[in-house]
Amino acid sequence: MAFDGITLNKIVNELQVLIGGKVNYIYEPDSNNIVMGIYNGATYALNIDTSASNYRINLTSKLKKNPFVAPNFCMLLRKYLINSRITSISMNGLERICYIEFECFNEMNDKVHRTLVIELMGKYSNVVLLNDSNTIIDALKKFDGNGVSRDIMPARKYIIPSSDKHEFNTLDKKAFICLILNSEYKTLEVAIPSMINGICKMFMQSCIDYLKISNTVSNSSLEQVYDYILSCLDSDSSSINHFKNNYSVFAIKTAEPLQANFFLDDFYYQRSEHEEYISYRNSILKVLSATLDKIVKKLDNINSKIESAQNRDFYKQCGELLIANIYRFTTDYSKAKQNPNLILITDDTNSVSLENYYDDNKIVHIQIDPKLSISKNADSYFKKYNKAKNTLLITSSQKIEAEKELNYIESIVYSLDNCHSIEDIDEVYNEISENLLFIDVKIKGRNKNKVSSKSDTNMLNNYMKLKDLGNTNCIVLCFFHIKFIIICKEIFYG
């Protein structure tokens, strides 16, 4: 993952703008997200994401809908941190842990300090609230280590995750080069992330690409890499930019304030939109595929019935031949022996051979039930004929309808293949959700997150104005523009 200690270092340096700011509100859009509204001359939205694939901390302007009922951890944060002021934002070395310290008042109106620890470690990401004695008040994700791993439970001491890797900040150039040269690894993109804490493989690939050096571990390459990492750790001479469908910190100066925060905000928003697009599209495809399989099975069943009904004329002929020759059948053995034209019927007779006057008097073998009379056997064939005729009549119309349904599904699949945005998929969703063909299928629509309150709108307005200070190409979104967008979304999406 690209969000490593180098990236967090850049973010933490930019977040110093929040020091002295007052926490106005806190909410938890989902189980992995916490958003804090902080006022410090302007209103900022601090987003904390602990999801396994998109873990990060950054300022955001992409607000999600605030749930009607706040989760327990959100209520606890509101209780302890609302109206508090941020005194410091820091990290320990390049470990992916951010510490935000708050100055607030307790129930006795005494000034106390609390710390919000944001651990950004993939699926183990967490948010932990500590008191001034380093005791856990509560955590977003609680678990009992049972003596095997760390305990993240209320009323227990907070323990920093241990690591056997070296801290870059404690190594000078000579020690850094000696450490990597003496390791078992032969390539830079594997050796440095394996030996140094907080540096990921993606950053090393961008470093090698930027410096245009060999990936092989050598004294000269390690000297360049060490100086490059130092430059990236300097917030005044570094920035975050795209790299290999992801991002990385580069030793490139930028005049844009909060560049890293804005970049990550846009990057993860676009990724989220793309993931939502893929998930939404796949859910619709799943429904279409299930319905398509259902129609194909229905068509196969219809075709098998039509095929079985093709023998209807043979059933009619059998019945007519039995009636036409009914005078020839006898159960009297002596009569049958005297008259060769008669046909003897016994208890073991399962078929009779008759001349088929429909086909040049060719001999045809007709199955009969010896327990029934010849007329009853003929009636049985006439019933089969009528049943096959009616089946053919009904299934022919059913086949036409099924083929129309099949063509309709194929047209929807084609339309879905040509969708390029979530709004395009919305049109497909609206069409199939109103179609009776899908009445028995549960179709899951997308979750439309949007700015949902006046305070959210004001915060977004202030934040976008601040963003515009560093980007002349960005349009300043005033309150009325945002309000117009909200009204439009409510009209179209409800």
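Residues numbered from 1 in each chain as written. Predicted model: local features only at pLDDT ≥ 70, side-chain atom pairs only at ≥ 80, totals over all residues. Heavy atoms only, no water.

Side note on the overall build of the chain
Consideration 1: When helices and strands are tallied, the chain shows 13 helices and 15 strands.
Consideration 2: Burial analysis of the chain (494 residues in total) assigns 44% to the buried set.
Consideration 3: When contacts within the chain are restricted to residue pairs at least 6 apart in sequence, long-range pairs at least 24 apart make up 55% of them.
Consideration 4: For the chain, the computed accessible surface area is about 26400 Å², with 51% contributed by carbon and sulfur atoms. (Helix = DSSP H or I, 4+ residues; strand = E, 2+ residues; numbered from the N terminus. Buried < 20%, exposed > 50% of the residue type's maximum accessible area, 1.4 Å probe, protein only. Contact = heavy atoms within 4.5 Å. Areas by Shrake-Rupley, 256 points an atom, 1.4 Å probe, with all protein chains shown as cover.)

Quick notes on helix α3 (residues 173–181)
Consideration 1: F176, I177, L179 and I180 are the residues of α3 that are buried. An end-on view of α3 places all buried positions within 160° of arc, on one side of the element.
Consideration 2: Taken together, the buried residues of α3 touch α4 (188–195) and α6 (219–233). (Arc of directions from axis to C-beta.)

With respect to the packing of aromatic side chains
Aromatic ring pairs are reported here in terms of the distance separating the ring centres and the angle at which the planes meet.
Consideration 1: Across all of its chains, the model carries 18 aromatic pairs by this definition.
Consideration 2: Ring plane angle 40° and centroid distance 5.1 Å describe the contact between F168 and Y226, whose orientation is recorded as tilted. One end of the pair, F168, is in the loop between β9 (136–139) and α3; the other, Y226, is in helix α6, with 58 residues separating them in the sequence. For the pair formed by F168 and Y226, the shared burial category is buried.
Consideration 3: Note on Y247 and Y268: the rings are 5.9 Å apart at their centroids and 75° apart in plane angle, and the pair reads as edge-to-face. Placement of Y247 in strand β11 (residues 246–250) and of Y268 in helix α7 (residues 259–308) is noted, with a sequence separation of 21 residues between them.
Consideration 4: Classification of Y247 as buried rests on a relative accessible area of 0%.
Consideration 5: In textbook terms, an aromatic cluster arises when at least three aromatic residues are bridged by ring pairs, as seen for F203, Y210, Y228, F243 and F250.
Consideration 6: Residue placement shows K384 over the ring face of Y315; its charged tip is 5.7 Å from the ring centre.
Consideration 7: The positively charged end of K384 is found above the aromatic ring belonging to Y381, 5.4 Å away from the centroid. (Phe/Tyr/Trp six-rings, centres within 6.5 Å; stacked < 30°, edge-to-face > 60°. Lys NZ or Arg CZ within 6 Å of the ring centre and 35° of its normal.)

Describing helix α5 (residues 201–211)
Consideration 1: What α5 keeps buried is the set M202, F203, M204, Q205, S206, C207 and I208.
Consideration 2: The elements touched by buried residues of α5 are α1 (5–14), α4, α6, β10 (239–243) and β11.
Consideration 3: Trailing α5 by a residue or two, K212 shows a phi angle of about 55°, which is positive.

Details of the pairing of strand β1 (residues 22–30)
Consideration 1: With six bridges connecting them, β1 and strand β2 (residues 33–39) associate as antiparallel partners. The residue of β2 that forms the bridge with Y27 is V35. (Pairing = 2+ DSSP bridges.)

Points about the layout of surface pockets
Consideration 1: Empty space within the second largest pocket amounts to approximately 280 Å³.
Consideration 2: What lines the second largest pocket is a set of 16 residues, and nearest its centre among them are R96, K165, N197, G198 and I199.
Consideration 3: In terms of residue class, the lining of the second largest pocket is built from eight nonpolar, four polar and four charged. (1 Å grid on protein atoms, 1.4 Å probe; cavity = no way out; pocket = protein on both sides within 12 Å on 5 of 7 lines; lining within 4 Å. Points joined across faces, edges and corners; volume = space filled by probe spheres on them. Nonpolar A, V, L, I, M, F, W, Y, C, P; charged D, E, K, R; others polar.)

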